[in-house]
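A structural walkthrough
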Amino acid sequence: MSEWPLLSLLVWLPIAAAVGLAVLGPRQPGLVRPMALITTLVTFVLSLLLWSGFDAGTAAMQFEERLVWIAAFDIHYHLGIDGLSLPLILLTTLIGVLIVIGGWQISDRPHLYLAAFLLLQGLMTGMFAALDALLFYVFFEAMLVPMFLIIGIWGGPNRIYATIKFFLFTFFGSVFMLIALIWLYLQGGSFAILDLHQQAIDLNAQIWIFLAFLIAFAVKIPMWPVHTWLPDAHVEAPTGGSVVLAAVMLKIGGYGLVRFSLPIVPDAAAALDWLVIGLSLVAIAYIGFVALAQSDMKKLIAYSSISHMGFVTLGLFLAFAIVRNTGEVTGAGLGISGAMVQMISHGFISGAMFLAVGVLYDRVHSREISSYGGVANTMPWFAMFAVLFFMANAGLPGTSGFVGEFMVILAAFHANFWFAFVAATTLLLGAAYSLWLVKRVFYGEVGNSAVAALKDLTGREWTLMVTLAVLVLGVGIWPFPLLHMMEASVQNLVEHIVLTKVE
Amino acid sequence: MTINELQLALPEIFVLSMACVVLLADLFISDERRGLTHLLAVLTLVFATILTLRVMLPPGEVLYAFSGTFIRDRFGDVLKVFSYIILAGVFVYAKHYLRQFNLFKGEFYTLSLFALLGIMVMISAGNMITIYLGLELLALSTYALVALDRDSRFGSEAAMKYFILGSLASGLLLYGMSLIYGATGSLDLATISAALGDGMGDSMLLTFGLVFVVIGIAFKLGAVPFHMWVPDVYHGAPLAITLFISSVPKLAGLALAIRLLDNGLIGLHGDWQGMLVVLAALSLVLGNVIAIAQTNIKRMLAYSTISHMGFMLMGILAGTPEGYAAAMFYAIAYAITSAGAFAVVIMMSIDGREADQIDDYKGLARRNPWQAFLMLMMLFSLAGIPVFIGFFAKWQVIAAALQAGFVGLSVLAVLAAVAGAFYYLRIVKLMYFDEPDQEAPVSAPVDFRAVLTINGVAVLALGVFSGGLISLCVSAFV
């Protein structure tokens, strides 16, 4: 199996299927949905093969593929994965399947809708697997195009404002990264990410490069104060768009930080860790309060996402403070591992919450919390799943939401008591906004005639809910496979970032 | 003059003869059979391609003819071949338009071929006089083309403006050349370069000469502050002519800049670099910002051209082989993409009205899904989004500017690109997110649709597989 170009298949199979759907869709409308489902299932199985063949004992890149792409600049089509990218690729292929199932009832040009998602999936996988900085950038930017169209064509009433804002924010952030990458290439003569990891750079330049990377990834994550595009995009996007945005696209920023910012400019990251930690704490605490004030369910989840992604950035940058405080490298990986777990877990939970809102929206066509009340009376099964997901969002032990947050808070204690104190307020705030939403939407008397007429989950929705519930509980109860997968890579990363690159 | 020298200039001689043949033959072709003229013009381009490729020189080799006034090198050959290919596409697009607007006359082809000859002469020029000859041949043909629809007030006005401003710019260029001649005693670019290398010439005289030369170049490229003619001419000219002006002559502009500034005046690099930085920065900002305010797509694309010329200048100003290669890639990429974008505008122009309002593109994705998708690719390419060719052009010129140490200019350029993305996105928004006023698909002839498809796919394919074209451009400056 190992001689198969598995990664290329994962990238190009969905893209080829997207082209096929777009071309054949109008002629064979009946085949569109099955074809998309089969494609995503096949890619998901292929990604499981990737997992089964993955050697968790090493931090080296695996399943490498390398072809010359642009000879004049020594740019390669270079793919490979390690313990940091594999979980995210698995998440991407899994969410791909769920999106196709979740988008089954789309009636406006379904072939283009599914084609856009397949294209997006291929591009995201390519980005997680890219080992050449320019290739990474190409995937990173190209995915704006399908997402722009998804929100703009199939979105809500204010979709045009939301999608243009989304596009321009992300484009604005990423152009600085392009300049930084070209500068690194001109200095070191290589676009290979692993070469960039080894390249010596003086501190002043590192700081500028760090800031350029930070703008790019902070917009994607998104970090406070460049988060304002996310609530708009989430609210206006169709359910599938919200799911893929929350579950996978936000992780791109976090992945960028571990793949680029930390290892390429570790000294600047160490010097400016206060900045990222400060912004993360603001996101965690302040955005938590903002979430509390929302009356729109999707907006509430969007703000909750920003707050939870604050844990990711916090966890990633705690390592430096821990090393400074304890002088040891061994414990410093805790925050990074926690951040990675938090990314995966947030992928499941936020995806699940958006699907749950989608279930209600498909029936009542309202996202307002006040339009509901007592849904548990008419949709008991659905309420069970939804309550589980919102509990997980609040960080209930036994769910995946607990694992990542707990690890990060624990790491924060090693770094600074007050970091941990502020971070831990999220347990309070998260529980407050999640449970308050549950109370207002699901419990109490049946709110109105629309709620009274609700029918419980269809078979298709059952599939989605059960899958995500199993994953949320699975990672919560037994996170070992996930932690094991990334252990060697995280350790390698920590050992790398404590070494100075200033010569 | 030997046979060998004539052979080097065979493509030029062939195009000249064929331009005359087309002129004469068209007299005997009736209006119903005008397609023959079109066919003859396209065949001219096909054979010119063959003739040029027959003696494609290896990288680094340069041949001189006619006492050094004519240069044959890889840079020139590549640019010429792309000029033929793009012009052939322009002919196919233009035919559809000219038929619709009762302008389908032989003069279009004759004048275009003479303009092409001017472009070829400029590309192969080794002497300031040759450059000037080529430039005037191109310019005079273009003035006449702009006024092709003689009953149109806008067309005549645009032609008049273009003529007056163009003459002024030619005069300035000529004045600059004469000053440089005065300082170095030669019109031959290689001799000038050698003289400058020896430190010959009065520096005051040279600087004055250089300023006028740069102004001439900036005018031809349409760089700010010498851009005033661009929006008016783009707007006033018939669409087919706007399409022509926005594509092939950009390659000539690049050749003009590189022949003069690199082959001739590289000794003054320190002086002209500073001037180009200012021109590039102004073009980038002004072009992109003013384009946002346009509701007429011809004017919008005109301001977009101005900003793209700013990007191209970023490559030239580096003054390195990598920079020139990047600028060359940029010019080719821009010419291909711009031709495709204007082709969609032509396709939408039916019932005797040019579809020049951006609202005409509402809901195009529902009416013509495929053509809307091609337009989407052109627009994202112009905006510089991967994986289209425009992105690879942009990052190369940014790399060239960064290598020359212009970090500030590079940051300005990417910020301008973000601002520019907005008005390209607005067209995508109209095409994809809005509902059409009428449902009926817009029709176009088979050859038009085929060339448009090839054009759109090229914008994608030359991006995904950009390695080949990049290598070709790099090999032109070995």
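Residues numbered from 1 in each chain as written. Chains lettered and ligands numbered in written order. Predicted model: local features only at pLDDT ≥ 70, side-chain atom pairs only at ≥ 80, totals over all residues.

**Some thoughts on the overall build of chain B**
To keep things clear, this is the line we draw: Here a strand is any run of E in DSSP of at least two residues, a helix any run of H or I of at least four, and the numbering for each starts at the N terminus. Every radius of gyration here is taken over C-alpha atoms, with the globule rule written as 2.2 Å times N^0.38, N being the number of residues. Any residue with 12 or fewer other C-beta atoms within 10 Å of its own C-beta is exposed, any with 20 or more is buried, and the rest are partly exposed; the C-beta atoms used are placed from the backbone. Residue pairs qualify as contacts under a 7 Å threshold applied to their C-beta atoms, which are placed from the backbone.
Looking only at helices and strands, chain B features 21 helices and two strands. Relative to a compact globule of 478 residues, whose C-alpha radius of gyration would be 23 Å, chain B shows 21 Å and is just as compact. Expressed as lengths along the three principal axes of its C-alpha atoms, the size of chain B is roughly 70 × 55 × 40 Å. Taken over 478 residues, chain B has a buried fraction of 60%. Long-range contacts, defined as pairs at least 24 residues apart, comprise 79% of the intrachain contacts of chain B with a sequence gap of at least 6.

**Some thoughts on the overall build of chain A**
Secondary structure assignment for chain A yields 22 helices and two strands. Per-residue burial over chain A gives 61% buried out of 503 residues. Pairs at least 24 residues apart make up 82% of the contacts formed inside chain A by residues separated by at least 6 positions.

**Some details on the packing of helix α4 (residues 110-129) of chain A against helix α11 (residues 239-264) of chain A**
All names here are of chain A. Selection criterion: Note on method: axes are straight lines fitted to C-alpha atoms, helices fitted across the in-contact stretch only, with angles between N-to-C directions ranging 0 to 180 degrees. We call two directions roughly parallel when the angle between them is under 35 degrees, roughly antiparallel when it is over 145, roughly perpendicular when it lies between 65 and 115, and oblique otherwise. Crossing handedness is defined as follows: a turn of the near helix away from the far one that is anticlockwise and smaller than a right angle gives a left-handed crossing, while the clockwise case is right-handed. Gly is placed with the polar residues, together with every amino acid not listed as nonpolar (Ala, Val, Leu, Ile, Met, Phe, Trp, Tyr, Cys and Pro) or charged (Asp, Glu, Lys and Arg).
α11 packs onto α4 with a crossing angle of 15 degrees between their chain directions and a minimal axis gap of 11 Å. Here α4 is positioned roughly parallel relative to α11, judged by the angle of their axes. Relative to α11, the crossing made by α4 is left-handed. Residue-level contacts link Phe-117, Leu-120, Met-124, Met-127 and Phe-128 of α4 to Gly-240, Val-244, Val-248, Ile-252 and Tyr-255 of α11. Here the contact of α4 with α11 is built from residues that sort into nine nonpolar, one polar and no charged.

**Looking at unusual backbone geometry**
Residues apart from glycine generally show negative phi values, whereas peptide bonds are mostly found in trans. Residues and elements named next belong to chain A. Look at the link from Ile-221 to Pro-222: it is a cis peptide, with omega at -15 degrees. By the element assignment, Pro-222 lies in the loop between α9 (203-220) and α10 (229-236). Backbone torsion omega between Trp-224 and Pro-225 reads 10 degrees, so that peptide bond is classified as cis. Although it is not a glycine, His-365 adopts a positive phi angle of roughly 60 degrees. Positionally, His-365 belongs in the loop between α15 (333-364) and α16 (375-378).

**Some thoughts on the interface of chain A and chain B**
A common way to report how large an interface is uses the accessible area buried once the components associate. At the interface, 25 residues of chain A touch 25 residues of chain B. Secondary-structure elements contributing two or more residues to the side of chain A that touches chain B are β1 (62-70), α5 (133-142), α6 (144-154) and α7 (159-188) of chain A. Counting residues per element, the side of chain A that touches chain B draws most heavily on α7(A), at twelve residues. Partitioning the side of chain A that touches chain B into residue classes produces 23 nonpolar, one polar and one charged.

**A short note on the pairing of strand β2 (residues 75-81) of chain A**
Residues and elements named next belong to chain A. The line we're drawing: At least two bridges found by DSSP between two strands is the condition for calling them paired.
In terms of burial, β2 is largely enclosed, as five of its seven residues are buried. Direction of pairing for β1 relative to β2: antiparallel, over a ladder of six bridges. Its bridge partner being in β2, Val-68 is matched across the sheet by His-76. Counting the residues that bridge the hairpin from β1 to β2 gives four residues, and of these Asp-74 lies at a positive phi of roughly 55 degrees.

**Comments concerning α11(A)**
Residue and element names in this part refer to chain A. Our working rule: One fewer than the residue count of a helix, multiplied by 1.5 Å, yields its expected span. Fitting axes to the seven residues ending at a residue and to the seven starting there, one defines the bend at that residue as the angle between these axes.
End to end, α11 covers 36 Å across 26 residues, agreeing with the expected 38 Å (1.5 Å per residue, within 8%). Approximately 40 degrees is the largest bend angle found in α11, and it occurs at Leu-245. Most of α11 is tucked away, with 26 of its 26 residues classed as buried.

**Regarding the packing of helix α4 (residues 74-100) of chain B against helix α20 (residues 446-464) of chain B**
Two packed helices can be described by the angle between their axes and the distance between those axes. All names here are of chain B. Between α4 and α20, the shortest axis-to-axis distance is 9 Å and the interhelical angle comes to 140 degrees. When the axis of α4 is compared with that of α20, the two are oblique. α4 and α20 meet at a crossing whose hand is left-handed. Packed against α4, whose contacting residues are Gly-89, Val-92, Tyr-93 and His-96, the element α20 presents Asp-447, Phe-448, Val-451 and Asn-455 at the interface.

**A closer look at helix α19 (residues 417-442) of chain A**
All names here are of chain A. Given a rise of 1.5 Å per residue, 26 residues ought to cover 38 Å, and the 37 Å separating the end C-alpha atoms of α19 matches this to within 8%. Regarding α19, the residues found buried are Phe-419, Val-422, Ala-423, Thr-426, Leu-429, Gly-430, Tyr-433, Ser-434, Leu-437, Val-438, Val-441 and Phe-442. Each element contacted by the buried residues of α19 is listed here: α13 (273-292), α14 (297-326), α16, α17 (380-393) and α18 (400-415). Immediately downstream of α19, the backbone of Gly-444 shows phi near 85 degrees, a positive value.

**Focus on the confidence of the model for chain A**
For clarity, the cut-off: Per-residue confidence from the predictor is reported as pLDDT, which spans 0 to 100.
For chain A, per-residue confidence averages 87 on the pLDDT scale, and residues scoring 70 or more make up 99% of the total. Model confidence for chain A, summarised as mean pLDDT per element, is weakest for helix α20 (residues 449-452) of chain A at 78 and strongest for α5(A) at 92.

**Thoughts on the environment of Val446(A)**
All names here are of chain A. The topology assignment puts Val-446 in the loop between α19 and α20. Given 17 C-beta atoms within a 10 Å radius, Val-446 is considered partly exposed. In this structure, the C-alpha to C-alpha distance between Val-446 and Ile-193, residues 253 residues apart in sequence, is 56 Å. Those residues in contact with Val-446, other than ones at most four positions away along the chain, are Gly-373, Gly-374, Asn-377, Thr-378, Val-451 and Ala-452.

**Brief notes about the environment of Tyr423(B)**
Residue and element names in this part refer to chain B. Mapping Tyr-423 onto the fold places it in helix α19 (residues 407-433). Along the sequence, Tyr-423 and Ala-383 sit 40 residues apart, while their C-alpha atoms lie 8.9 Å from each other. Sequence-distant contacts of Tyr-423, defined by excluding residues within four places in its chain, comprise Ala-291, Ile-292 and Met-300.

**Brief notes about the confidence of the model for chain B**
In the predicted model, chain B carries a mean pLDDT of 90, and 100% of its residues have values of at least 70. Predicted complex, confidence summary: ipTM 0.90, pTM 0.92.

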